[in-house]
Amino acid sequence: MPGDHRRIRGPEESQPPQLYAADEDEAPVARDSTRLRPVYARAGLLSQAKGSAYLEAGGTKVLCAVSGPRQVEGGERGSGPAGAGGEAPAALRGRLLCDFRRAPFSGRRRRAPPGGGEERELALALQEALEPAVRLGRYPRAQLEVSALLLEDGGSALAAALTAASLALADAGIEMYDLVVGCGLSRAPGPAPIWLLDPTLLEEERAAASLTVALMPVLNQVAGLLGSGEGGPTESWAEAVRLGLEGCQRLYPVLQQCLVRAARRRGTAAPP
Amino acid sequence: MASVALSEAEKVYIVHGVQEDLRVDGRGCEDYRCVEVETDVVSNTSGSARVKLGHTDILVGVKAEMGTPKLEKPNEGYLEFFVDCSANATPEFEGRGGDDLGTEIANTLYRIFNNKSSVDLKSLCISPREHCWILYVDVLLLECGGNLFDAISIAVKAALFNTRIPKVRVLEDEEGSKDIELSDDPYDCIRLSVENVPCIVTLCKIGYRHVVDATLQEEACSLASLLVSVTSKGVVTCMRKVGKGSLDPESIFEMMEVHVSK
């Protein structure tokens, strides 16, 4: 096109300069494999959402908001099998819709918001882990929407999102059987199969295998499990799951305190 | 997954039977149904396979095409998975209904093959940074009769075993421009080694016991299942919990032992 002076056209595809940088070997620092990074959790910070929570663990920052229960027209759902325990039959049970999003600046490379398959997979993992904890039978024909936004990825993002989501649900006053606490693990490449609890981004990138465990601490039931990579034999995966469950138990008191503080805050702020 | 309407009495019957290690079709808790595997069923593909596991019917076609390697891995080719749940499988999959299940299965397949040891990706490279083989693995669900993940993983392994990738040479001209030459002999091709390709084993938790290779009715009775992908050497590559219920930690460890023995 002759003389288009209004727009400066750059190249069509852009890449970050780190790709062309020389490989600087930043070896991850050796550390105690069972240490958990200090966690900052706060519930009840968004005014527009029914319930919300913000969780920071090391460099990972997640913000989660819950809205609902909203009525949903589930007219065409046929007669499904009746649920056990006298709760609403399956066709009338509430639904949990989870959405997981990464901010474009959360990782090393910029990722445009429709992140494709990975975000859908993590959203499904969130839903599968939160469903056992929420009493959906008490919200017939209603829909709860949970949306998690990852502001910065500093390692074990899914675990942080799970914890933040369950805090947000509790903050919204949704009936639950128990909180869901998530914990991430990763295994470094090499012959010695040591599983590291709560990996940082550097450790996760270099990992040969990674695992996320979600536990309901009081009931001692595993709500979610997702792992992949060259993990080695079953015993090492079993050991990793045990380590993860222990980590979740250790994290639980922090979350309890956070919810108590949020309830107190709400109590003093409410007009008499 | 596709659901089937079960009455309370049928559920109780199935659950009690499983506690006694007796399933509706007479199998024990750890027995698979009879599997039929056929390869080379579709002629237009580079490799294909069809697996029938009871009422579950899966057809997989693999097409090898040339393309540019990914920026982060310039010396390797890669695999792309696509799962299509056709409306023939169950009426629930009509229109866009089967898309969710399809993406879930495709994501699980990506996870399983996400490590270095499953498929030798370096052998799929033609010239670094410029050309490589991309294997498009397309899975078609023809009939859904329970235990989809296991059948799909068997079919993918068989199709990859059957894949024939033609040998290609890159010739350089005097000016430096490259030309790709396909060998004339149609039987001159490279085959992939599928020794380390893992297979998925799904264990459904029903009551206090777990069941291998569940039918649709048994899946409707179970609240949660554990999916593990294992290679023949016992190396686990992926682990996932599926379903709305929760699992006891002890039962997870028991189930993992069973997985490896399968």
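Structural notes, computed from the coordinates.

What counts, and where the lines are drawn
- Residues numbered from 1 in each chain as written.
- Chains lettered and ligands numbered in written order.
- Predicted model: local features only at pLDDT ≥ 70, side-chain atom pairs only at ≥ 80, totals over all residues.
- Heavy atoms only, no water.
- Helix = DSSP H or I, 4+ residues; strand = E, 2+ residues; numbered from the N terminus.
- Contact = heavy atoms within 4.5 Å.
- Areas by Shrake-Rupley, 256 points an atom, 1.4 Å probe, with all protein chains shown as cover.
- Pairing = 2+ DSSP bridges.
- Axes fitted to C-alpha atoms, helices over the stretch in contact; angles between N-to-C directions.
- 1 Å grid on protein atoms, 1.4 Å probe; cavity = no way out; pocket = protein on both sides within 12 Å on 5 of 7 lines; lining within 4 Å.
- Points joined across faces, edges and corners; volume = space filled by probe spheres on them.
- Nonpolar A, V, L, I, M, F, W, Y, C, P; charged D, E, K, R; others polar.
- Buried < 20%, exposed > 50% of the residue type's maximum accessible area, 1.4 Å probe, protein only.
- Polar contact = N/O pair within 3.5 Å; in protein donor to acceptor, adjacent residues only side chain to side chain.

To continue, consider the overall build of chain A. From N to C terminus, chain A includes four helices and nine strands. The secondary structure elements of chain A, listed N-terminal to C-terminal, are β-β-β-β-α-β-α-β-β-α-β-β-α. Restricting the contact set of chain A to residue pairs at least 6 apart, pairs at least 24 apart contribute 67%. Split by element, the accessible area of chain A, about 14,000 Å² in all, is 54% carbon and sulfur.

Looking now at the sheet that holds strand 9 (residues 221-229) of chain A. The eight strands are arranged 7(A)-6(A)-8(A)-9(A)-14(B)-13(B)-11(B)-12(B) in an open sheet whose pairing can be described as antiparallel. Looking at the sheet topology across the chains shown, the edges are occupied by strand 7 (195-197) of chain A together with strand 12 (209-212) of chain B. Across the sheet, the axes of successive neighbouring strands diverge by a mean angle of 25°, strand direction being ignored. With seven bridges connecting them, strand 11 (residues 199-206) of chain B and strand 13 (residues 224-230) of chain B associate as antiparallel partners. Bridge pairing links C199(B) to V230(B) in strand 13 of chain B.

Residues and elements named next belong to chain A. Applying the stated criterion to the full structure yields two cavities of 30 Å³ or more. For the largest cavity, the calculated volume is near 130 Å³. Together, 16 residues line the largest cavity, and A57, A160, G182, D198 and L251 are the ones closest to its centre. Within the residue set of the lining of the largest cavity, elements represented by two or more residues are strand 2 (51-57), helix 2 (157-171) and strand 6 (181-187). In terms of residue class, the lining of the largest cavity is made up of eight nonpolar, six polar and two charged. Here the second largest cavity defines a volume of roughly 110 Å³. For the second largest cavity, the lining is made up of 15 residues, of which A125, A129, G224, L225 and L226 are closest to its centre.

Looking now at the side chain of S228(A). The topology assignment puts S228(A) in strand 9. We classify S228(A) as buried; its relative accessible area is 10%. Within the local environment of S228(A), its side chain forms a polar contact with the side chain of R111(B), the two groups lying 3.1 Å apart. Ignoring sequence-local partners within four residues, the contact set of S228(A) consists of A209(A), S210(A), W237(A), R111(B), T237(B) and C238(B).

Attention now goes to the sheet that holds strand 3 (residues 60-71) of chain A. Residue and element names in this part refer to chain A. Reading across the sheet, the five strands line up as 1-2-3-5-4 and stay open at both edges, with mixed pairing between neighbours. Each end of this open sheet is capped by a strand with a single partner; those strands are strand 1 (39-43) and strand 4 (95-102). Each strand axis lies, on average, 15° off the axis of its neighbour in the sheet, ignoring direction. This element, helix 1 (residues 117-130), spans strand 4 and strand 5 (142-152) of the sheet and lies at about 140° to strand 4.

Treat this as a map of the structure, not an account of what it does.
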